[in-house]
Amino acid sequence: MRLILLGPPGAGKGTQAQRIVEKHGIPQLSTGDMLRAAVAAETDVGKLAKAVMDAGNLVSDEIVNAIVSERLDQPDCAAGFILDGFPRTLVQADATESMLKSKDMDLSVVIELRVDDKELVRRVSGRYSCAQCGTVYHDTDKKPSEEGVCDKCGSTHFKRRPDDNAETMTKRLEVYYKETSPLIGYYYAKGRLKVVDGMAEMDNVTSDIEAILAAL
Ligand code: AP5
Ligand code: ZN
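Values in this document were obtained by computation on a predicted structure and should not be read as measured data.

The subject of this paragraph is the environment of Lys 190. Within the fold, Lys 190 resides in the loop between helix H8 (182-189) and strand S8 (193-197). Under the relative-accessibility criterion, Lys 190 is labelled partly exposed at 41%. Distance from Lys 190 to Gly 80, taken between C-alpha atoms, is 20 Å for residues 110 residues apart in sequence.

Following this line, the structure appears as structure tokens:
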């Protein structure tokens, strides 16, 4: 199973990807996570990406395409993968087509999570994650069952992303509508697109996604 999760910042791509990983055992390839790891490790890519990400802009297609292509060659991608936050421009979408073709892989489906802007801002402003395992939480919608302790790994350390503030979020949404939303038409035209109501409760979003995956 090879799928793309498409949607604006805060739509729930990461949240749902984590659930698909747990249920189906295929890896989540989040370009945002990969870039944040590069920033933390202060690699050359990380140094280039930091200011771009903090401002809510997109890192260059060239850098991101190279990261993904390399990641797809890892053995754990052989049985499938979830692309989360990639592709994000038409150039990246075309690159994905050629990458998969050259690796003899077919795309199973593109799932678009549709959510209103106001809700996106609310979600992103309340988001935090476990500093150890990356599990995503929200101030009101998804707290750990024991206050201050990660459900998954027991860590007591949490962090917030520097780009999760109202000003940067406005820019990220602007970039999404200009650069990424054309991908909806792109995949619709290819007959690959499935739309899920991302405004629904997390568990209902998961069920809708599972129904799509079951029908593949
Ligand atoms: P990236 O890390 O990809 O961020 P994003 O696309 O902005 O998406 P988010 O991670 O913000 O949201 P999400 O959809 O995963 O939502 P989540 O599940 O966390 O990219 C960051 C930056 O990296 C970019 O701005 C760019 O600079 C760079 N970059 C990355 N990829 C790139 C690429 N391909 N090309 C160029 N540059 C790239 O959920 C959000 C919150 O809502 C959470 O708190 C969650 O608990 C809550 N929530 C989730 N679902 C629900 C629900 N159904 N109901 C209520 N709350 C919910
Ligand atoms: Zn954790």
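Next up on the list: the UniProt feature "binding site: Zn(2+)" (unreviewed entry) in the protein chain. Feature annotation in UniProt places "binding site: Zn(2+)" (unreviewed entry) on Cys 130, Cys 133, Cys 150 and Cys 153, given in this structure's numbering. Their sequence span is 24 residues, while the largest C-alpha to C-alpha distance among them is just 8.6 Å; these annotated residues converge on one region. In this fold, Cys 130 is placed in strand S5 (residues 127-130). Not counting the four nearest positions on each side in its chain, Cys 130 is found in contact with Thr 135, Tyr 137, Cys 150, Cys 153, Ser 155, His 157, Phe 158 and Lys 159. Along the chain, Cys 133 turns up in the loop between S5 and strand S6 (136-138). On the basis of relative accessibility, which here comes to 30%, the residue Cys 133 falls in the partly exposed class. Those residues in contact with Cys 133 that lie beyond four places of it in its chain are Cys 150, Lys 152 and Cys 153.

Another aspect to go through is the site of ligand 1. Inspection of the region around ligand 1 gives 34 residues, with Thr 15, Asn 57, Arg 88, Arg 127 and Arg 172 positioned closest. With respect to ligand 1, the side chain of Arg 36 contributes an N or O atom lying 2.8 Å from an oxygen atom. Tyr 137 places a main-chain nitrogen or oxygen 2.9 Å from an oxygen atom of ligand 1. Listing elements by their share of the shell around ligand 1, those giving two or more residues are helix H1 (13-24), helix H2 (31-40) and S6.

Bringing the coordination of the zinc ion (ligand 2) into the picture now. At this site the zinc ion (ligand 2) is bound by Cys 130 (SG), Cys 133 (SG), Cys 150 (SG) and Cys 153 (SG), with donor distances of 2.2 to 2.4 Å. Around the zinc ion (ligand 2), the four donor atoms sit at angles spanning 101 to 115°, and that spread fits a shape best called tetrahedral. Coordination of the zinc ion (ligand 2) draws on donor residues from a single chain, spaced C-x2-C-x16-C-x2-C in sequence. Of the two residues, Cys 133 is situated in the loop between S5 and S6 and Cys 153 in the loop between S6 and strand S7 (158-159); the sequence distance between them amounts to 20 residues. A relative accessible area of 30% means that Cys 153 is categorised as partly exposed.

A separate point is the UniProt feature "binding site: AMP" (unreviewed entry) in the protein chain. Per the UniProt annotation, the sites labelled "binding site: AMP" (unreviewed entry) are Thr 31, Arg 36, Asn 57, Leu 58, Val 59, Gly 85, Phe 86, Pro 87, Arg 88, Gln 92, Arg 161 and Arg 172. On the basis of their most widely separated C-alpha atoms, the annotated residues across 142 residues do not gather in one place, lying as much as 24.2 Å apart. The residue Phe 86 is located in the loop between strand S3 (81-84) and helix H5 (90-102) in this model. Apart from the residues lying within four places of it in its own chain, the contact partners of Phe 86 are Ile 4, Thr 31, Val 64, Asn 65, Val 68, Gln 92, Thr 96 and Met 99. When neighbours within four sequence positions are excluded, Arg 88 is seen to be in contact with Leu 58, Glu 179, Thr 180 and Leu 183.

This next bit is on the pairing of strand S1 (residues 2-6). Here S1 lies mainly inside the structure; five of its five residues are buried. The two faces of S1 match: Arg 2, Ile 4 and Leu 6 on one face and Leu 3 and Leu 5 on the other face are all buried. Of the strand pairs in this sheet, S1 and S3 are connected by four bridges, and their pairing is parallel. Within S3, the position partnered with Arg 2 by the bridge is Phe 81. Sheet topology note: the S1/strand S4 (residues 109-114) ladder contains four bridges and is parallel. Each residue of the ladder has a partner; that of Leu 3, found in S4, is Val 109.

About the cut-offs
- Residues numbered from 1 in each chain as written.
- Chains lettered and ligands numbered in written order.
- Predicted model: local features only at pLDDT ≥ 70, side-chain atom pairs only at ≥ 80, totals over all residues.
- Heavy atoms only, no water.
- Helix = DSSP H or I, 4+ residues; strand = E, 2+ residues; numbered from the N terminus.
- Buried < 20%, exposed > 50% of the residue type's maximum accessible area, 1.4 Å probe, protein only.
- UniProt positions renumbered as here; feature names shortened; annotations may be inferred.
- Contact = heavy atoms within 4.5 Å.
- Near = heavy atom within 4 Å.
- Polar contact = N/O pair within 3.5 Å; in protein donor to acceptor, adjacent residues only side chain to side chain.
- Donors = N, O, S within 2.8 Å, 3.2 Å for Na, K, Ca; no water.
- Tetrahedral: all angles 85-135°; square planar, octahedral: opposite > 155°, others 65-115°.
- Pairing = 2+ DSSP bridges.

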